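# Geometric and topological summary
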Amino acid sequence: MSELKTLYQEMILDHNKNPRNFRAMEDADRSVEGYNPLCGDHYTVYMKMDGEMVKDISFTGAGCAISKASASVMSAMVKGKTRAQAEKLFEQFHQLVTGEVGGENHIEELGKLAAFSGVSEFPARVKCAILAWHTMKSALEAKAETVTTE
Amino acid sequence: MSIATDIATPAVASKFDVARIRKDFPILHTKVHGKPLVYLDNAATSQKPQSVIDALARYYKEQNSNVHRGVHFLSGFATEAYEETRKKITRYINAASEREVIFVRGTTEGVNLVAQSFGKKFIGKGDEAVISALEHHSNIVPWQMVCDERGATLRVAPINDDGEIIVEEYAKLLNAKTKIVAFAHVSNALGTVNPVKEMIALAHDHGIPVLIDGAQALPHMRVDMQDLDCDFYTFSSHKMFGPTGVGVLYGKEKLLNAMPPYQGGGDMIRSVTFEKTTYNDLPYKFEAGTPNIADVVGFGAAIDYLNNLDFPAIESYEHDLLAYATEVLTSNKRVRIIGTSKHKAGVISFVVDGVHAHDVGTIVDSEGIAVRTGHHCAMPVMERFKVAATARASFAFYNTKEEVDALARGINKVIEVFG
Ligand SMILES: Cc1ncc(COP(=O)(O)O)c(C=O)c1O
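Below: a short report on this structure.

In this section: the pattern of salt bridges. This model, assessed by the stated rule, comprises 27 salt bridges over all chains. Between aspartate 56 of chain A and lysine 79 of chain A there is a salt bridge, with its nearest N and O atoms 3.3 Å apart. Here aspartate 56 of chain A is found in strand β3 (residues 53-62), whereas its partner lysine 79 of chain A is found in the loop between α3 (65-78) and α4 (83-97), with 23 residues between them in sequence. When the shortest N-O distance is used, the salt bridge between arginine 125 of chain A and aspartate 359 of chain B registers 2.8 Å. A residue pair is termed interchain when its members come from two chains, as with arginine 125 of chain A in the loop between α5 (104-109) and α6 (126-140) and aspartate 359 of chain B in helix α12 (residues 357-365). Comparing arginine 125 of chain A with aspartate 359 of chain B shows no difference in burial state: the two are buried. Salt bridges sharing partners connect three or more residues here, namely Arg23, Asp56 and Lys79 of chain A.

It is common to give the size of an interface as the accessible area that goes away when the parts come together. Each partner contributes to the interface: chain A provides 19 residues, whereas chain B provides 14 residues. Roughly 1400 Å² is buried in total at the junction of chain A and chain B, and carbon and sulfur atoms are behind 62% of that figure. The interface formed by chain A and chain B holds one salt bridge in total. At the surface where chain A touches chain B, the tally comes to six residue pairs in polar contact (both at pLDDT 80 or more). Those elements giving two or more residues to the side of chain A that touches chain B turn out to be α1 (2-7), α2 (10-17) and α3 of chain A. Tallying contributions element by element places α2 of chain A first for the side of chain A that touches chain B, with three residues. When the residues that make up the side of chain A that touches chain B are grouped by side-chain class, the tally is 14 nonpolar, two polar and three charged.

Residue and element names in this part refer to chain B. Each neighbour pair has its own omega, and for leucine 282 with proline 283 the value is -5°, a cis peptide bond. Backbone geometry at phenylalanine 241 places phi at a positive 75°, although glycine is not the residue there. Position of phenylalanine 241 among the secondary structure elements: in the loop between β9 (232-236) and β10 (247-251). Note on phenylalanine 241: relative accessible area 2%, which makes it buried.

Here is what the cut-offs are and how they apply
- Just so you know, the residues in each chain are numbered from 1, in the order the chain's sequence is written.
- Chain A is the first chain written and ligand 1 is the first ligand written, with later ones labelled in order.
- Since the coordinates come from a predicted model, pLDDT governs what is reported: local features require at least 70, and pairs of side-chain atoms require 80 or more to be given and counted, while whole-chain, interface and lining totals use all residues.
- Side-chain numbers here rest on the full set of heavy atoms in the structure, without hydrogens or water.
- What counts as a salt bridge is simple: a side-chain nitrogen of Lys or Arg found within 4 Å of a carboxyl oxygen of Asp or Glu.
- Every helix listed is a DSSP run of H or I at least four residues long, and every strand listed is a run of E at least two residues long, numbered separately from the N terminus.
- For every residue, the accessible area obtained with a 1.4 Å probe (protein chains only) is divided by the maximum for its type, and the residue is called buried under 20%, exposed over 50%, and partly exposed between those limits.
- The contact criterion used is simple: two residues touch if any of their non-hydrogen atoms lie within 4.5 Å.
- The term buried area denotes the loss of accessible surface (1.4 Å probe radius) that occurs when two parts are joined, taken as the sum for both partners.
- Throughout this description, a polar contact denotes any pair of N or O atoms lying within 3.5 Å of each other; where both atoms belong to protein, one of them has to be capable of donating a hydrogen while the other can accept it, and for residues adjacent in sequence the pair is counted only when both atoms sit in side chains.
- Residues were grouped as follows: Ala, Val, Leu, Ile, Met, Phe, Trp, Tyr, Cys and Pro as nonpolar; Asp, Glu, Lys and Arg as charged; and all remaining residues, including Gly, as polar.

Okay, structure coming up:
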């Protein structure tokens, strides 16, 4: 049960129930679909850039609690960041959920992302956690195709 | 509908001893996350009895050799062991002859073989193939491929809200352009047992051959090819307590003879020159290359195992288990079962209100309970019922009511976590 509690932390359950930035964006300058064919998780990430800055970001779609909370936290963290900062967050998150993260200090730097540290104990769920992040990264690169984490 | 069960005592007198049966399956006594394994993913693959495991080891220790090719002792021995399984299966499914029993990799390859070979010869531009809305992807995609190649149209018989094929609608799809009908005996996503005999007869009224995907039927019931009168029937060893990597395509001899080979290579030929090759007789015509000998031998051991069981008793035991599980799960107001046909095999697809199937799967797994979550290779079924995914508990005769209770507790835990 304790491992389970590290996966389904309060914050994850909360973001799943009340996802932030959960809406379509009419005037987005880019939108990318992310799809995990294995479990059917399916999201669209909308983005509006202002030069190098992510001026606004939102998402729609459906999936498991891990994927939805991850999309919600991702949107909250990336909003207002520069492209370089957002890419750095992607790298940090990726390392975190695949269990490649370094010492304690590193975890503390991650802020809200740290809630996802339990995911690395559940290899089958890594794809769920990473889906929205991959989709965001493609949006940054303005790749229009569907992204999958299969 | 069996040839072997009549040796047993009458069904009423037989009592199925699940505790004894469980002793035959070593994996059922292992632990997962420190909890006893509760294996409820039998529709994906079943567990294997010790006798099958032993047969595999014995084959490699004492019998390994290639088949049909050598004059030496071991080659003869391996050939005999391989062909012995074909004989056992012929009897087990009551095929008219061993020539009608072709070894393939599994159900998927069985369907592909027929779609490609039969399709090449008999499906042309403007023709139609008919399947149903509850098929596994492996009984959809091969037909889409051949229809695309041949300029034919794929028609789909609809299902109702209980997950049953609407037979009247199916009948309306059959016409002079229909060249083949293919559907599952038992649905892996919904558990529905289709009225196969009736559906076969309806197709035959139009002279249309029928392929049955029996992947989910064989683990639960005996089937009789001559009684069903289907033209093709295909199933996988690994879902019926045998090894992975082998399955059977049954086909009526006349049709198989009329069909071109599926793959070319060794064993499927009689003579080869650069000008002309003559093909081997059935069933070898469709078995190109070195087959999966060891697993065929292991499959033979699985058939022996099944032959020693009392199937009427098993069917009634599984029926009770399914009824019990249905009652226990539906007593939880947050649980909705997808697939509510009156005729079901041991499969329960369900959703927990407000919780994604994947989260259900992870949480019950932490209790040692293996269920499948996702679309179960039946995305059109998910679409039909407007769910992205379901959790699925699927039973074998070695499962127990205690395991159903464990699942019910697992689901309560899901609700505890998610509120
Ligand atoms: C109804 C049905 N058809 C076909 C298949 C495919 O079987 P296999 O993967 O053994 O080829 C399965 C199993 O996944 C199934 O449940």
